[in-house]
Amino acid sequence: MNAFTILLTGYSGAGKTTIAMELQKEFLRRSMPVELLDGDVIRKNLSFDLDFSRESRFSNAKRTGFLSGLLSRNGINVIVSMIAPYSECRDAIRHQVKNYKEVYVKCPIDICEKRDVKGLYQKVRDGRIEHFTGISDPYEVPICPDVVCKTNKETVVVSVAKILKNLGMQTMIRKEIAYPSLFYTDPEAS
Ligand SMILES: Nc1ncnc2c1ncn2[C@@H]1O[C@H](COP(=O)(O)OP(=O)(O)O)[C@@H](O)[C@H]1O
Ligand SMILES: [Mg+2]
């Protein structure tokens with residue numbers, strides 16, 4: 001089977017990058033190859049020529065989908081964390097990979113704004129950013145996501161566990177948890 005491509009979609013500040021990084025660790029713990037394509041990193045290195053218009057967001061998603069296709073067909077699991085606000089953006093990724101999973105990282109916009117992790121919401125309110133998803137640009141809610149993570153109601157650990165369960169990876173519990181005695185070292189022993 002082709003490796004997974006897992007898209008985490010949602011508002012800025014919803015928790016996509018946070019969940020993606022924890023999910024990446026779970027793959028690594030299981031010695032499964034994984035690459036994280038984070039929206040900010042992709043924008044800086046691959047899509048630096050694009051703005052935040054609908055067309056550019058679509059192009060950005062197409063490029064990311066192409067890259068995901070190359071990686072996943074070679075057995076590398078891909079985690080994409082990007083806003084992907086239009087269903088056509090999500091479809092552009094979906095159509096270029098074989099084993100697509102969509103995770104809706106759901107959080108009310110006012111909570112995202114309160115978090116304001118990168119100070120972007122303040123800039124929007126100051127009129128310094130246009131086309132900001134959820135404020136001055138649309139977000140089309142995913143119609144049939146594989147997983148919904150409600151990050152204002154659940155912890156990161158719970159969100160990651162839900163995703164792992166959907167991927168069929170929940171049974172692969174870390175040895176340290178399943179057999180703690182094997183990993184216990186007696187501090188008195190020399
Ligand atoms: N359940 C949760 N899942 C993910 N992030 C959470 C959760 N609860 C609180 N947060 C916080 O919300 C913020 C999300 O920021 P980030 O992951 O950068 O968002 P995004 O990548 O979606 O823009 C972080 O500060 C994170 O600690
Ligand atoms: Mg992010």
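Preceding block: the structure.
What counts as what
- Residues numbered from 1 in each chain as written.
- Chains lettered and ligands numbered in written order.
- Predicted model: local features only at pLDDT ≥ 70, side-chain atom pairs only at ≥ 80, totals over all residues.
- Heavy atoms only, no water.
- Helix = DSSP H or I, 4+ residues; strand = E, 2+ residues; numbered from the N terminus.
- Buried < 20%, exposed > 50% of the residue type's maximum accessible area, 1.4 Å probe, protein only.
- Contact = heavy atoms within 4.5 Å.
- Polar contact = N/O pair within 3.5 Å; in protein donor to acceptor, adjacent residues only side chain to side chain.
- Near = heavy atom within 4 Å.
- Areas by Shrake-Rupley, 256 points an atom, 1.4 Å probe, with all protein chains shown as cover.
- Salt bridge = Lys/Arg side-chain N within 4 Å of Asp/Glu carboxyl O.
- Pairing = 2+ DSSP bridges.

A. A look at the overall build of the chain. Along the backbone of the chain there are eight helices and five strands. Along its sequence from the N terminus, the chain presents helices and strands in the succession β-α-β-α-α-β-α-β-α-α-β-α-α. Here the chain holds 190 residues, and the buried ones make up 43% of them. For the chain, the share of sequence-separated contacts (at least 6 apart) that also reach a separation of at least 24 residues comes to 74%.

B. Spotlight on the environment of valine 105. Checked against the element boundaries, valine 105 lands in strand 4 (residues 99-106). Accessibility expressed as a relative area gives 1% for valine 105, which makes it buried.

C. The side chain of threonine 151, seen in detail. Structurally, threonine 151 is set in the loop between strand 5 (147-150) and helix 7 (156-167). The exposure class of threonine 151 is buried, given its relative accessible area of 13%. Polar side-chain contacts of threonine 151 include one of 2.7 Å to the backbone oxygen of alanine 14. Beyond its immediate sequence surroundings of up to four residues, threonine 151 is in contact with Ala14, Ile19, Val105, Lys106, Cys107 and Arg115.

D. Expanded view of the site of ligand 1. Taken together, 15 residues lie near ligand 1, and Gly13, Lys16, Thr17, Thr18 and Glu154 sit nearest. A distance of 2.7 Å separates an oxygen atom of ligand 1 from a polar atom in the backbone of glycine 13. Here arginine 115 contributes a side-chain N or O atom positioned 3.3 Å from an oxygen atom of ligand 1. Against a free-state accessible area of 570 Å², the protein chains account for coverage of 76% of ligand 1. Of all the elements, helix 1 (residues 16-29) adds the most residues to the shell around ligand 1, at four residues.

E. View of the pattern of salt bridges. Here the structure, examined in full by the defined rule, presents 13 salt bridges. Measuring nitrogen to oxygen at the nearest pair gives 3.0 Å for the salt bridge that ties arginine 54 to glutamate 88. Of the two residues, arginine 54 sits in helix 3 (residues 54-72) while glutamate 88 sits in helix 4 (residues 87-94), which places them 34 residues apart along the sequence. Taking relative accessible area as the criterion, arginine 54 reaches 36% and is therefore assigned partly exposed. In this structure, the salt-bridge partner of arginine 94 is aspartate 91, at a minimum N-O distance of 3.1 Å.

F. Structural detail: the pairing of strand 1 (residues 4-9). Summarising burial for strand 1: six of the six residues are buried, a large majority. With six bridges joining them, strand 1 and strand 4 adopt parallel strand pairing. Its bridge partner being in strand 4, threonine 9 is matched across the sheet by tyrosine 104. Two strands pair when backbone bridges link them, and strand 1 and strand 3 (residues 77-81) are joined in this way by four bridges, in the parallel orientation. In the strand pairing of strand 3, leucine 7 is matched with valine 80.

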